[in-house]
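So the chains spell out like this:
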There are 2 protein chains.
Amino acid sequence: MRQDVHVADVPVLCVSCEARHRGVCGALEPAQLLALAKVSHKQNMSEGTELAGDATRADTYSNVLSGVVKLTKSLSDGRQQIVGLQFAPDFLGRPFKSENEMSASAATDVSLCSFPKSAVDRMLRESPGLEHRLLEQTLKELDEARLWMVTLGRKTAPEKVASFLLLIARNSNPTAARDAAAAFDLPLTRADIADFLGLTIETVSRQLTRLRADRVIRIENNRHVTVDSLARLAARSGD
Amino acid sequence: MRQDVHVADVPVLCVSCEARHRGVCGALEPAQLLALAKVSHKQNMSEGTELAGDATRADTYSNVLSGVVKLTKSLSDGRQQIVGLQFAPDFLGRPFKSENEMSASAATDVSLCSFPKSAVDRMLRESPGLEHRLLEQTLKELDEARLWMVTLGRKTAPEKVASFLLLIARNSNPTAARDAAAAFDLPLTRADIADFLGLTIETVSRQLTRLRADRVIRIENNRHVTVDSLARLAARSGD
DNA sequence: TAGGCCACTTGATCGGCGTCAAGGACCGCC
DNA sequence: GGCGGTCCTTGACGCCGATCAAGTGGCCTA
């Protein structure tokens, strides 16, 4: 019965939403959640869709409900670097700035729950718990970014590719033991992997075939990867 | 007179402290500032001092009052990467985690104002303004980290070195015009610059002499750099 | 003044990864 | 079934930056 009352308080949109528990929405009171749900909407974007351009006005925030969003920065001559991957239930958007400094696009088919920036900014001022969640997520992203800087700056191509596979493997099953097996689909094309690792697609391809030749991984349909021993993969990741 | 009253409220330790205005302490009420000042202490550390080791217990936070602190991560075989530089009045420490995941050390002589973690954590819970400041700083650091990821992943050695010089130049005089002249001391040794850029010290040295040969910079005593036109330097930074 | 140490520079050589080019696998479309 | 397109793989080659090895200059100590 208590459950019923509880569920009755929760907006329909949010009932089965992962972000309500693990994401930033978990910090909201039922009344706030209701207010926010009224102005938010779920949307599905297909792979490749540009979600927010570089130096464009950003007037919405989003939660990632499923799929993977890539954050990229480019140099003027077209060289590109992926500076972050956002998985469910990550929060998408840069508080306290109205301009995007990077572009976000759907690396896979993605579903998002989007809110007007103004509504969230108001709640941020009223509800310290929300700001706390946002701080936690931002610190997590900062840790991840700094960890990746080591990969970009100091690892070799074979180590980079192994590190990437490990990242995806761990993300697709966070509870797996360190030395377990794993199977997952790569959420990125070879070109995206290259942009994430600071390599070319040829080098990525060569390293993947090398890992396959050495029986560390198997690949089906270019996307589906099977790893018999994550420990063997980790041994190739350099750290 | 109002000024006198105001100053009288401020702890001696904090009266002339930059962090009280631009740093996180600016979010504190006089009473909180007083309470914090009672348990904090200023300390000077000389170049090279290890401030916090990898995987050690971290039980203090600090504000950087002067000098530069480098945050580094290492791979097991000794390869090292600097993942962040902290200048005054930056906040030093990782809230909500008791273990360091990276090591911090003094890149130059440094003066710090250190607080027990517990005292700050308590204030974080009581004072939303403090958490807000911290979120702003963390977002700023995340932006910087992601910007640097492009440098690490996609720029050539000449571009990396030019980018580094620009970063230091802009930091030593944030208000300078984009095409002004600049003069500053490098806060890092060649070895540190290499670890920051993901290069070797030989390559860093070669690129610096090239910039000098091309009259983009002048160098005295290995550390003091003069730039006649920041715009010319920026033109070599790749972005 | 000699000697050692440290940070940095400079030169010669090597190899990892980028570049260029071709070819294969899979797809939808006509 | 042929055809073009996209994504990926594979091979040949060359260059940028790492590696190895001296050499220079400033500073400290004796």
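Calculation criteria
Residues numbered from 1 in each chain as written. Chains lettered and ligands numbered in written order. Predicted model: local features only at pLDDT ≥ 70, side-chain atom pairs only at ≥ 80, totals over all residues. Heavy atoms only, no water. Near = heavy atom within 4 Å. Polar contact = N/O pair within 3.5 Å; in protein donor to acceptor, adjacent residues only side chain to side chain. Helix = DSSP H or I, 4+ residues; strand = E, 2+ residues; numbered from the N terminus. Salt bridge = Lys/Arg side-chain N within 4 Å of Asp/Glu carboxyl O. Buried < 20%, exposed > 50% of the residue type's maximum accessible area, 1.4 Å probe, protein only. Nonpolar A, V, L, I, M, F, W, Y, C, P; charged D, E, K, R; others polar. Contact = heavy atoms within 4.5 Å. Least-squares fit on C-alpha atoms with pLDDT ≥ 70 in both. Pairing = 2+ DSSP bridges. Domains from an automatic or database assignment. Buried area = accessible area lost by both parts, 1.4 Å probe. Axes fitted to C-alpha atoms, helices over the stretch in contact; angles between N-to-C directions.

**Topic: the protein's contact with DNA strand D**
Now for step 1: Close to DNA strand D lie 17 residues; A:Ser205, A:Arg206, A:Thr209, B:Ala157 and B:Thr203 are nearest.
Now for step 2: When the atoms of DNA strand D within 4 Å of the protein are grouped by moiety, sugar and phosphate amount to 66% of the total.
Now for step 3: A distance of 2.7 Å separates a phosphate oxygen of DNA strand D from a polar side-chain atom of A:Ser205.
Now for step 4: In the environment of DNA strand D, a base nitrogen lies 2.8 Å from a nitrogen or oxygen atom belonging to the side chain of A:Arg206.
Now for step 5: Of all the secondary-structure elements, those providing two or more residues to the surface near DNA strand D are helix H7 (201–213) of chain A together with helix H5 (157–172) and helix H7 (201–213) of chain B.
Now for step 6: The element contributing the most residues to the surface near DNA strand D is H7(A), with 4 residues.

**Concerning the pattern of salt bridges**
Now for step 1: In this structure the tally under the stated criterion is 26 salt bridges over all chains.
Now for step 2: Among the ionic pairs, A:Arg94 bridges to B:Asp143, the shortest N-O distance being 2.8 Å. Of this pair, A:Arg94 sits in the loop between strand E6 (91–92) and strand E7 (103–106) while B:Asp143 sits in helix H4 (residues 128–154), placing the two residues on different chains. Just as A:Arg94 is buried, B:Asp143 falls in that class too.
Now for step 3: Of the charged contacts, one joins B:Lys97 and A:Asp143 as a salt bridge, the two residues approaching to 3.9 Å between their closest N and O atoms. Here the residue B:Lys97 occupies a position in the loop between strand E6 (91–92) and strand E7 (103–106), and A:Asp143 occupies one in helix H4 (residues 128–154), the pair thus bridging two chains.
Now for step 4: Classification of B:Lys97 as partly exposed rests on a relative accessible area of 34%.
Now for step 5: Given the relative accessible area of 12%, A:Asp143 is considered buried.
Now for step 6: A cluster of three or more residues bridged by salt bridges with shared partners is formed by A:Arg94, A:Lys97, A:Glu101 and B:Asp143.

**Some thoughts on the protein's contact with DNA strand C**
Now for step 1: Surveying the vicinity of DNA strand C reveals 17 residues, the closest of which are A:Thr203, A:Arg206, B:Ser205, B:Arg206 and B:Thr209.
Now for step 2: Within 4 Å of the protein, the atoms of DNA strand C are drawn from sugar and phosphate moieties in a proportion of 66%.
Now for step 3: Interatomic distance of 3.1 Å between a side-chain N/O atom of A:Thr200 and a phosphate oxygen of DNA strand C.
Now for step 4: When contributions to the surface near DNA strand C are tallied by element, the ones reaching two or more residues are helix H5 (157–172) and H7 of chain A together with H7 of chain B.
Now for step 5: For the surface near DNA strand C, the element with the most residues is H7(B), which contributes 4 residues.
Now for step 6: By residue class, the composition of the surface near DNA strand C is 3 nonpolar, 8 polar and 6 charged.

**Observations concerning the side chain of B:Asp195**
Now for step 1: Within the element layout of this structure, B:Asp195 appears in helix H6 (residues 190–197).
Now for step 2: By relative accessible area, which is 14% here, B:Asp195 ends up buried.
Now for step 3: Leaving out residues up to four positions away in the same chain, B:Asp195 has contacts with A:Arg154, B:Gln80, B:Gln81 and B:Ile82.

**Considerations on the relation of the copies chain B and chain A**
Now for step 1: Its rotation angle being 180 degrees, the transformation that places chain B on chain A also includes 0.0 Å of axial translation and leaves an RMSD of 0.0 Å. Look at the turn and shift together and you get a two-fold axis relating the two.
Now for step 2: Here 100% of the interface residues in chain B have copies in chain A that are interface residues too; the copies meet face to matching face.

**Notes on the pairing of strand E3 (residues 60–66) of chain A**
Looking along a regular strand, one sees side chains alternate from face to face of the sheet.
All names here are of chain A.
Now for step 1: Counting buried residues along E3, 5 of its 7 residues qualify, which places the element largely inside the surrounding structure.
Now for step 2: In this sheet, E6 lies alongside E3 in antiparallel orientation, the contact comprising 2 bridges. What sits directly across from Asn63, in E6, is Phe91.

**A look at the domain arrangement of chain A**
All names here are of chain A.
Now for step 1: When cut into domains, chain A gives domain 1 (2–151) and domain 2 (155–235).
Now for step 2: Look at where the C-alpha atoms of domain 1 and domain 2 centre, and you get two points 26 Å apart.
Now for step 3: Between domain 1 and domain 2, the residue contacts involve 13 residues of the former and 16 residues of the latter.
Now for step 4: Carbon and sulfur atoms supply 62% of the area buried between domain 1 and domain 2, which totals about 1,300 Å² over both sides.
Now for step 5: At the boundary of domain 1 and domain 2, one finds 1 salt bridge.
Now for step 6: Here domain 1 and domain 2 share 6 residue pairs in polar contact (both at pLDDT 80 or more) between them.
Now for step 7: Of all elements in the fold, only strand E4 (68–74), strand E5 (80–87) and H4 reach the threshold of two or more residues within the side of domain 1 that touches domain 2.
Now for step 8: Of all the elements, E5 adds the most residues to the side of domain 1 that touches domain 2, at 5 residues.

**Concerning the interface of chain B and chain A**
Now for step 1: Counting from both sides, the interface comprises 46 residues of chain B and, opposite them, 46 residues of chain A.
Now for step 2: Across the interface of chain B and chain A, roughly 4,200 Å² is buried in total on both sides, 62% from carbon and sulfur atoms.
Now for step 3: On the chain B side of the contact with chain A, B:Arg146, B:Met149 and B:Arg154 bury the most area, a combined 20% of that side's loss.
Now for step 4: At the boundary of chain B and chain A, one finds 10 salt bridges.
Now for step 5: A:Asp195 serves as the salt-bridge partner of B:Arg154, at 2.9 Å between the closest nitrogen and oxygen.
Now for step 6: Remark: the boundary between chain B and chain A carries 18 residue pairs in polar contact (both at pLDDT 80 or more).
Now for step 7: Looking at which element gives the most residues to the side of chain B that touches chain A, the answer is H4(B), with 21 residues.

**Examining the sheet that holds E6(B)**
Residue and element names in this part refer to chain B.
Now for step 1: Across the sheet, 4 strands lie side by side as E1-E8-E3-E6; this open sheet has antiparallel pairing. A strand with exactly one partner marks an edge of an open sheet, and here the two such strands are strand E1 (41–45) and E6.
Now for step 2: Packing against the sheet, helix H3 (residues 117–126) makes contact with strand E3 (60–66) and strand E8 (110–116), and its axis sits at approximately 70 degrees to E8.

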